[in-house]
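In case you want the letters, here they are:
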Amino acid sequence: MDVVGILCVVAAVLALGFWVWDTPLRMKNQEQAGLLGAGGRTLLVIAHPDDEAMFFAPTVLGLARLGHRVSLLCFSAGNYYNQGEIRKKELLQSCDVLGIPPSSVMIIDNRDFPDDPGVQWDTERVASVLLQHIEANGINLVRGHPLNGKPEVLAQVTPVVFNHSALYAAVRSLHSEGKFPKGCAVLTLQSVNVLRKYLSLLDLPLSLLQTQDVLFVLTGEEVAQAKSAMSCHRSQLLWFRRLYVLFSRYMRINSLHFLQSLEDFSDPRNKGVR
């Protein structure tokens, strides 16, 4: 077989592989478009500046595709190394790149939530501040009627480090106690093991095979946008974070699950259902 023939075979295999890969992804996109709806309002809750770019860029940009208006609540200024003022400016710049205007960004900078991995934040205090933020800003978390039995998105949180765990515990407590508006729910980011974490886009087949409620995958243009957002955090771009930007799946893929209440888990109809 000559070189041209070999190239044709390779091209055909690649085209088939792309179709096999792309078809379930497009079906997933259509499914979650119906699940989340269009034009909703979403509150992203994070612990530190740069979390929005390091972990949630696919979610923020994916929601933008669906016409959602995203606001952000950050529970600290990231002042562990006395860089709080710098990091607040970097967060606003990053959010602007991701399409979140400064008017939709709230940064909490007080002694109740120190940027110290050795200090546990008070769960009740976190929950109280979150509810106050919702009430004071009149955030419309309920889009109207749930779609396909799934409610509107309220927040995305991830238990990555100690303080992130406090956020998750607070949101989980509010959700299980029914303190969020009726028809609202919480989306949580799925954690993966270290190997998958650094597979970048090669993790997509595994992500498609796993069960999740929502899957956001960035296009090439959106990946560049996510990297641009992360580059706004100049004070944090040490060598290992630059490697993270290059190889982490979280810069390209977000798998999310709806948070279920204890009542949901006790209902036999929901066994095995996320």
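To be clear, the structure that these remarks concern was listed above.
What this report covers is the structure whose coordinates are included nearby. (Residues numbered from 1 in each chain as written. Predicted model: local features only at pLDDT ≥ 70, side-chain atom pairs only at ≥ 80, totals over all residues. Heavy atoms only, no water.)

1. Remarks on the environment of Leu237
- Tracing the sequence through the fold places Leu237 in the loop between α9 (220-231) and α10 (239-247).
- Filtering out sequence-adjacent residues up to four positions away, Leu237 remains in contact with Met230, Ser231 and Arg242. (Helix = DSSP H or I, 4+ residues; strand = E, 2+ residues; numbered from the N terminus. Contact = heavy atoms within 4.5 Å.)

2. Observations concerning the sheet that holds strand β2 (residues 69-74)
- Read from one edge of the open sheet, three strands run β1-β2-β3, paired in parallel fashion. In this open sheet, the two strands that pair with only one neighbour each are β1 (41-46) and β3 (105-107). Averaged over neighbouring strand pairs, the angle between their axes works out to 15 degrees when direction is ignored.
- Bridging between β1 and β2 involves six bridges; their strand directions are parallel. (Pairing = 2+ DSSP bridges. Axes fitted to C-alpha atoms, helices over the stretch in contact; angles between N-to-C directions.)

3. So, the packing of aromatic side chains
- Under the criterion given, the structure shown has eight aromatic pairs.
- Between Phe75 and Phe113, the ring centres sit 5.2 Å apart and the planes meet at 85 degrees, which makes this aromatic pair edge-to-face. Within this pair, whereas Phe75 is found in the loop between β2 and α4 (84-98), its partner Phe113 is found in the loop between β3 and α5 (123-137), the two being separated by 38 residues in sequence. For the pair Phe75 and Phe113, a shared accessibility class is recorded, and that class is buried.
- Aromatic pair Tyr80 and Tyr81: ring centres 4.9 Å apart, planes at 80 degrees, arrangement edge-to-face.
- You can call Tyr80 partly exposed: its relative accessible area is 42%.
- Of the residues examined, Tyr81 reaches a relative accessible area of 63% and is grouped as exposed.
- Chaining the aromatic ring pairs together yields one cluster made of Phe55, Tyr198, Tyr244 and Tyr250. (Phe/Tyr/Trp six-rings, centres within 6.5 Å; stacked < 30°, edge-to-face > 60°. Buried < 20%, exposed > 50% of the residue type's maximum accessible area, 1.4 Å probe, protein only.)

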